Amino acid sequence: MEKSFTLSRLDSGIAVLTMDVPGETMNTLRAEFGPEICEMLAEIKSDASIRGVVIISGKKDSFVAGADISMLDACSTAGDARELSKQGHEVFFALESLTIPVVAAINGACLGGGLELALACHQRVCSDSNKTMLGLPEVQLGLLPGGGGTQRLPRLVGIAKALDMMLTGKQLRPKQALKLGLVDDVVPESILLQTAVEMALAGARPAKKRKVSLVEKLLEGTPVGRNIIFDQALKQVNKKTQGNYPAPEKIIDCVRQGMTKDMVKGLEVEAQHFGDLVVSSESEALRSIFFATTDMKKESGAGDVSPKAVNKVMVLGGGLMGGGIASVTTTKAKIPVRVKDISETGLSNALAYAYKLLAKGVKRRHMTPAVRDNLMALMTTTTEYKGIKDADMVVEAVFEDLNLKHQMVKDVERECGEHTIFASNTSSLPIKQIAEAAERPENVIGLHYFSPVEKMPLVEVIAHEKTSPQTIATTVAFARKQGKTPIVVKDGAGFYVNRILALYMNEAANLLLEGQSVDHLDKALVKFGFPVGPMTLLDEVGIDVGAKISPILEKELGERFKAPAAFDKLLADDRKGRKNGKGFYQYGNKAKKKLVDESVYGVLGLTPATDKEPRAVAERCVMQMLNEAVRCLEEGIISSPRDGDIGAIFGIGFPPFLGGPFRYMDSLGAKHLVETLKRYQSEFGDRFTPCDRLVEMAESGAKFYD
Ligand SMILES: C[C@@H](O)CC(=O)SCCNC(=O)CCNC(=O)[C@H](O)C(C)(C)COP(=O)(O)OP(=O)(O)OC[C@H]1O[C@@H](n2cnc3c(N)ncnc32)[C@H](O)[C@@H]1OP(=O)(O)O
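Residues numbered from 1 in each chain as written. Predicted model: local features only at pLDDT ≥ 70, side-chain atom pairs only at ≥ 80, totals over all residues. Heavy atoms only, no water.

1. Re the packing of helix α21 (residues 518–528) against helix α22 (residues 534–541)
Following both chains from N to C, one finds α21 and α22 inclined at 105°, their axes separated by 7 Å at the closest point. When the axis of α21 is compared with that of α22, the two are roughly perpendicular. Residues V518, L521, D522 and L525 of α21 lie in contact with α22, whose contacting residues are P534, M535 and T536. Class assignment for the residues of the contact of α21 with α22 results in 5 nonpolar, 1 polar and 1 charged. (Axes fitted to C-alpha atoms, helices over the stretch in contact; angles between N-to-C directions. Helix = DSSP H or I, 4+ residues; strand = E, 2+ residues; numbered from the N terminus. Parallel < 35°, antiparallel > 145°, perpendicular 65-115°, else oblique. Contact = heavy atoms within 4.5 Å. Nonpolar A, V, L, I, M, F, W, Y, C, P; charged D, E, K, R; others polar.)

Now the structure itself:
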């Protein structure tokens, strides 16, 4: 087997241990490396001429990306995973116990087990590259740092800061890592190895005394204080996870046990919890999302067709969506954008949107003011069709008015090049209808973003029958440059995400009209695992937007999409939601707690009844979403269960710990789903009729994933 580690001796007496896993773009840690590393350590210990060790990666722009997640997938029992953790503990302890200085030279991704490897070294120096990130993201995979991170990190940077890193999985940039005391120095990549060698030669200095505030001394220096930190952390975690994610609590327990008793106990608890988490359904679901998104990055969206370059973009409409689209195009894709709006107000909104995003980056020291100004300079504005002859792509983000979009198609074909792609951000209109106005329909495509654009990772790329493969591939590549996760969906009203969301929201409205209170509905779906409840979501998106989309979906997709009468009454009372400060909730009051606007019940002629069991409330809404998701697969709106899962998770926050609607349905089983839908059908009507595909699967026992 080709070696993953090489040891080279410098004249200075420093040994450089280079990790470079053959055939991989990233170094990851595997159990099979254990004997190789121990062999290297034995060689180092037996060679008296070696005065120190530097550990460095042979990969460009990455140190070690953590344990090999595929290796974790291969664990069939908690015991298997526990043994992996214990092996890691032994190897890292042997490294840490070397009597000569060991320095980690970090450039690029240093994550998970990779950072745990670096923490077992006596000192750490990293490059100032923007590729260098340090973190323990295991919690995002439903895991915890199983290579000693729960014990070494708090002892290095303090309990509170270590918990913050491990409970959020945040990745630190070099300067942040230096300030935290995670690394001892930050240098240009060109002198990284040289600096690490000098550090090793200088001998392992005692870790720099971190600046410890009085509050930290009081809190972390006493058992009572430490318990306050742990109890507070537990409270915050439970509020955020609603008990749906086991890893955070276990992370807190590892740190508590290790800092209360000793590191040996802490490592024992870490291995135990790590093993249990690796085989948990939540972690299996979260790991599947990682692999799904990694696989998707390799897909062009149009087979072997290569994308064309997009060097200049025009955005039509400087409103909320247009401003967001223009902003991510300049700040993320770093592509020049020309924003056109009929009013200067719209143009200033787009500029302000971009500036606000960039100002945040400067405030967080992610960029310098000069970088901010250079990126701002990429955005220009106009109220005319000027300076866009060379635009490679035009993204329209105007009102959902077909005639207006037709006019824009004609304008763009007149004013731009024959190659220019016309991408519509429509949220519901079939792209085929928009393309009816085009002389070059092959250049027309849907590119549906979700609000807020800079935060929501998903975009739907919607191809109509005449859209060319090159247009698809170019649009997918453009979205990826904006930092988005694109799924290619088939043309049809509501596409995928809004289509499954609409029925979910309608069922919540039905429950409201049956007398369930607004906040009870929201709490039930948040408890189920959604980031916000349906009533809050409607207020945020806009009740008027929902009311506009519903009739389009009903006309195109059928009776089951008929929205309950609630919307009309709310709009008659000028309730649009947050946008006009009047919706299901109160706005503008200074109260910290979000309060229901009780007057909404009067508008709907309702008196809230006794609230149903939250799980039953959630099930009715979710069943609607699941059934429609299967219909979308059946009709080819989505090309795979994987895309359906990623679309629902990244587009509407479907609970990630369930793996997405299709993995969740596999866990429930088609038979159970059909029985439940039929029960609801008999009680609430034909909108719950199980789709044909589910009925077939119930009979055959088939699953969406083999
Ligand atoms: C011991 C315990 O503490 C347990 C752990 O360490 S759990 C693992 C913790 N680490 C992570 O969660 C990091 C996961 N990886 C990433 O976040 C990203 O890959 C990256 C930020 C490191 C790099 O991102 P990017 O530049 O976009 O590259 P890709 O994501 O496309 O990845 C390139 C290839 O590397 C493979 N890969 C990356 N990390 C891992 C990993 N931890 N395990 C297995 N494979 C990994 C990825 O699948 C890509 O492989 P391909 O063959 O090139 O498709």
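2. A closer look at the packing of aromatic side chains
Each aromatic ring pair is summarised here by two numbers: the centre-to-centre distance and the angle between the ring planes. The tally for this structure, following the rule as stated, stands at 12 aromatic pairs. Measuring from ring centre to ring centre gives 5.2 Å for F290 and F291, while their planes differ by 70°; the resulting arrangement is edge-to-face. According to the relative accessible area criterion, F290 is partly exposed, its value standing at 36%. Over the ring of F684 we find R620, and its NZ or CZ is 3.8 Å from the ring centre. In this structure, R679 packs its charged tip against the face of Y680, placed 5.1 Å from the ring centre. (Phe/Tyr/Trp six-rings, centres within 6.5 Å; stacked < 30°, edge-to-face > 60°. Buried < 20%, exposed > 50% of the residue type's maximum accessible area, 1.4 Å probe, protein only. Lys NZ or Arg CZ within 6 Å of the ring centre and 35° of its normal.)

3. So, the UniProt feature "domain: 3-hydroxyacyl-CoA dehydrogenase C-terminal" (unreviewed entry) in the protein chain
In the numbering used here, UniProt assigns the "domain: 3-hydroxyacyl-CoA dehydrogenase C-terminal" (unreviewed entry) feature to residues 494–587 and 617–701. Spanning residues 494–587, this segment combines 62% helix with 0% strand, and its end C-alpha atoms are found 29 Å apart. (UniProt positions renumbered as here; feature names shortened; annotations may be inferred.)

4. A short note on the side chain of S640
The topology assignment puts S640 in the loop between α26 (614–634) and α27 (641–652). On the basis of relative accessible area, S640 is assigned to the buried category, the value being 17%. Reaching out from S640, the side chain makes a polar contact with the backbone nitrogen of D643 at a distance of 3.0 Å. (Polar contact = N/O pair within 3.5 Å; in protein donor to acceptor, adjacent residues only side chain to side chain.)

5. Quick word on the state of the cysteines
Under the criterion given, the structure shown has 0 disulfides. Cysteine C621 is unpaired, with the sulfur of C632 as its nearest cysteine sulfur at 17 Å. (Disulfide = S-S within 2.5 Å.)

6. Considering the site of the ligand
Neighbouring the ligand are 22 residues; A67, E116, E138, K297 and K298 lie closest to it. Separating an oxygen atom of the ligand from a backbone N or O atom of G113 is a distance of 2.9 Å. Within the side chain of E116, one N or O atom sits 2.6 Å away from an oxygen atom of the ligand. Protein chains shield 73% of the accessible area of the ligand, which is 980 Å² for the free molecule. Of all the elements in the fold, those that place two or more residues in the shell around the ligand are β6 (109–111), α4 (113–119) and α13 (281–296). Partitioning the shell around the ligand into residue classes produces 10 nonpolar, 7 polar and 5 charged. (Near = heavy atom within 4 Å. Areas by Shrake-Rupley, 256 points an atom, 1.4 Å probe, with all protein chains shown as cover.)

7. Description of the sheet that holds strand β17 (residues 458–463)
On the basis of which strands lie adjacent, the open sheet formed by 8 strands has the order β13-β12-β11-β14-β15-β16-β17-β18 and mixed pairing. Both edges of this open sheet fall to β13 (379–382) and β18 (485–490), since each of them pairs with a single strand only. Strand-to-strand twist across the sheet, computed as the mean angle between neighbouring axes with direction ignored, equals 25°. Pairing of strand β11 (residues 313–316) with strand β12 (residues 337–340) involves 4 bridges; the strand directions are parallel. (Pairing = 2+ DSSP bridges.)

8. What about the pairing of β17?
Where burial is concerned, most of β17 is hidden: 6 out of the 6 residues are buried. Burial of the side chains of β17 extends over both faces: L458, E460 and I462 are buried on one face and V459, V461 and A463 on the other. Pairing of strand β16 (residues 444–449) with β17, which is carried by 4 bridges, proceeds in the antiparallel orientation. Considered in β17, the bridge of Y449 is made with V459. Relative to β18, β17 runs parallel, the two sharing 6 bridges. Directly across from A463, in β18, lies its bridge partner K490. Between the parallel elements β17 and β18, the chain passes through helix α19 (residues 469–481) in a crossover that is right-handed. (Right-handed = clockwise from strand over helix to strand, strands pointing away.)

9. Focus on the environment of S682
Following the sequence through the fold, S682 ends up in helix α29 (residues 670–684). When its relative accessible area of 63% is taken as the criterion, S682 is described as exposed. A polar atom in the side chain of S682 sits 2.6 Å from the backbone oxygen of R679.

10. Overview of the sheet that holds strand β10 (residues 185–187)
Pairing is mixed across the open sheet formed by 6 strands, whose spatial order is β1-β2-β3-β5-β7-β10. Looking at strand neighbours, the two that pair on one side only are β1 (5–9) and β10, the edges of this open sheet. Strand-to-strand, the axes of this sheet are offset by a mean angle of 20°, without reference to chain direction. As defined by bridge partners, β1 adjoins strand β2 (residues 14–19) across 5 bridges and the pair is classed as antiparallel. For F5, the partnering residue across the bridge sits in β2 and is M19. Strand contacts of helix α1 (residues 33–46): β1, β2 and β3 (52–57), with the helix running at about 15° to β1, the strand carrying the most contacts.

11. Concerning the UniProt feature "domain: 3-hydroxyacyl-CoA dehydrogenase NAD binding" (unreviewed entry) in the protein chain
With numbering matched to this structure, UniProt assigns "domain: 3-hydroxyacyl-CoA dehydrogenase NAD binding" (unreviewed entry) to residues 312–491. The straight-line gap between the two end C-alpha atoms of residues 312–491 is 26 Å; of that span, 40% is helix and 21% is strand.

12. Some remarks on the pattern of salt bridges
Counted according to the given criterion, the structure contains 39 salt bridges. Note that E396 is salt-bridged to K405, the shortest N-O span being 2.9 Å. Since its relative accessible area comes to 0%, E396 is described here as buried. A network of salt bridges, in which partner residues are shared, links R499, R560, E628, R631 and E635. (Salt bridge = Lys/Arg side-chain N within 4 Å of Asp/Glu carboxyl O.)

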